[in-house]
Amino acid sequence: MPFTEDFDDIYQLGIKQSCEDAGAYCERVDEQLFTESILERIYNQISKADFVIADMTNRNPNVFYEVGYAHALGKQTILLTQNADDIPFDLKHYPHIIYNNKISTLKKDILPRIKWFVENVGNELVTQNVDIEVYLGDKSLNNKNVRYVTKASKIPSPELTLHNNSFKTFSPGDYRIGVITDQNYTRIRKREYGNEEGIKTTKLPDGRNLHMCKIIEDILYPNSYTSLQIMLEPYKIRRSSSQDVEEFYNDEQEITIRVFTPNGTRDFFLIVDYEKENLPDKPS
């Protein structure tokens, strides 16, 4: 942020106090003693920071340059501005806190964000920069013991919930969902299409199948949700002398739901559990 009197109360009462309330250590470079040049100090402090808070008000070129440096290093950032008109096109897809020069508004909006970063520093969610969670009902697939129970004669059709657990905005194409199964799941379908349109299946080197779902059209705004229902087809057509017979594959197995983003991938796990039932005898 600019080191001017106009921003002193914003920094001391809004930003720094909120950091202290959240248990974070906050410091601005003009508060520090150092022997190197101020630019070297700024770059050094950005590289060491767990996250960076920047006030983009008035489009200060130094602030923009330093935020670009932080983004290039993959640092998590909280962006502020007094006026939405100060957000340039290239940064509009990043969430900003617009506080209209009111410190009370700034503190109300920035405190939960700082708390989130403090609680998540160093964990997989932050270090991988993949902030999308996947649920089946109310159960996170980040746990490896979530089961989807279905009848052996039914095509498994789990409905997944995707949650943007961050302050970023994911637009269509920013993320894709892949489903990794064993070789017995020859294809998947999205429920709303009723066919395989837009879904590509690739045989992986380990023999499993990777099914890439069609691009999800929903925009995932910060802390928003969307759903994805997939139909797993775990059967094959068995030829007999007189007819084709559907032969169901109903062994319990774990499938992988893989979230792809430009910043990396993140895997979630789901156990498909088939209830045993009396099925018609297979023809000889």
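Everything discussed here concerns the structure shown above.
So, here's what we can say about the structure. (Residues numbered from 1 in each chain as written. Predicted model: local features only at pLDDT ≥ 70, side-chain atom pairs only at ≥ 80, totals over all residues. Heavy atoms only, no water.)

**Here we look at the packing of helix α1 (residues 8-22) against helix α4 (residues 103-120)**
Helix-helix packing is characterised by the crossing angle of the two axes and by the distance between the axes.
Phase 1 of the analysis: It is the contact of α1 with α4, at a shortest axis distance of 8 Å, that shows an interaxial angle of 35 degrees. Of the two possible hands of crossing, α1 and α4 adopt the one that is right-handed. Seen from α1, the contacting residues are D9, I10, L13, G14, I15, Q17, S18, C19, D21 and A22; seen from α4, they are I103, L106, K107, I110, L111, I114, K115 and V118. (Axes fitted to C-alpha atoms, helices over the stretch in contact; angles between N-to-C directions. Helix = DSSP H or I, 4+ residues; strand = E, 2+ residues; numbered from the N terminus. Left-handed = near helix turned anticlockwise from the far one by under 90°. Contact = heavy atoms within 4.5 Å.)

**Some words on helix α2 (residues 38-48)**
Phase 1 of the analysis: Where α2 is concerned, the buried positions are R41, I42 and I46. One side of α2 holds all its buried residues, which, seen down the axis, span an arc of 130 degrees.
Phase 2 of the analysis: Of the surrounding elements, those touching the buried residues of α2 are β1 (51-55) and α3 (61-72). (Buried < 20%, exposed > 50% of the residue type's maximum accessible area, 1.4 Å probe, protein only. Arc of directions from axis to C-beta.)

**Brief notes about the pattern of salt bridges**
Phase 1 of the analysis: All chains considered together, the criterion is met by ten salt bridges.
Phase 2 of the analysis: A salt bridge links R28 to D8, with the shortest nitrogen-to-oxygen separation between them at 3.5 Å. Note that R28 is positioned in the loop between α1 and α2 and D8 in helix α1, a separation of 20 residues in sequence.
Phase 3 of the analysis: In this structure D8 comes out as partly exposed when scored by relative accessible area, which is 29%.
Phase 4 of the analysis: The partner of K108 in a salt bridge is D109, and the shortest N-O contact between them spans 3.0 Å. (Salt bridge = Lys/Arg side-chain N within 4 Å of Asp/Glu carboxyl O.)

**Describing the side chain of T256**
Phase 1 of the analysis: Looking at the secondary structure, you find T256 in strand β15 (residues 253-261).
Phase 2 of the analysis: On the basis of relative accessibility, which here comes to 7%, the residue T256 falls in the buried class.
Phase 3 of the analysis: Leaving out residues up to four positions away in the same chain, T256 has contacts with G178, V179, I180, R208, D267, F268 and F269.

**So, the nonpolar core**
Phase 1 of the analysis: By size, the foremost hydrophobic cluster in this structure holds 30 residues, and its most contacted members are V134, L141, I177, V179, L232 and I257.
Phase 2 of the analysis: Elements with a minimum of two residues in this core: β4 (132-136), β7 (159-164), β8 (176-181), β12 (225-233), β15 and β16 (264-275).
Phase 3 of the analysis: It is β16 that contributes the most residues to this core, four residues altogether.
Phase 4 of the analysis: Sequence-distant contacts of I257, defined by excluding residues within four places in its chain, comprise V134, L141, L160, I177, G178, V179, R266, D267 and F268.
Phase 5 of the analysis: Membership of the second largest hydrophobic core comes to 19 residues, among which are Y11, A24, F51 and L106. (Core = buried A, V, L, I, M, F, W, Y, C linked by side-chain atoms within 4.5 Å.)

**Section: unusual backbone geometry**
Phase 1 of the analysis: Residues other than glycine seldom take positive phi values, yet N58 does so here, at roughly 70 degrees.
Phase 2 of the analysis: Here N58 lies in the loop between β1 and α3.
Phase 3 of the analysis: With a phi angle near 50 degrees, R59 is a residue other than glycine that sits in the positive phi range.
Phase 4 of the analysis: Tracing the chain through its elements places R59 in the loop between β1 and α3.
Phase 5 of the analysis: R59 gets classed as partly exposed once you look at its relative accessible area, which sits at 42%.

**Considering the environment of M231**
Phase 1 of the analysis: With respect to the helices and strands, the residue M231 is situated in strand β12.
Phase 2 of the analysis: Taking the relative accessible area as the measure of exposure, M231 reaches 8% and is therefore buried.

**Things to note about the sheet that holds β1**
One key point about sheets: their strands pair by backbone hydrogen bonds, in either a parallel or an antiparallel sense.
Phase 1 of the analysis: Read from one edge of the open sheet, three strands run β1-β2-β3, paired in parallel fashion. On the outer flanks of this sheet lie β1 and β3 (96-98), each paired with one strand and no other. Put simply, the sheet's adjacent strands are angled 20 degrees from each other on average, direction ignored.
Phase 2 of the analysis: Across three bridges, the pairing between strand β2 (residues 76-81) and β3 is parallel. When the sheet's bridge partners are listed, L79 is paired in β3 with H96.
Phase 3 of the analysis: Sheet strands in contact with α4 are β1, β2 and β3, and its direction is about 180 degrees off that of β2. (Pairing = 2+ DSSP bridges.)

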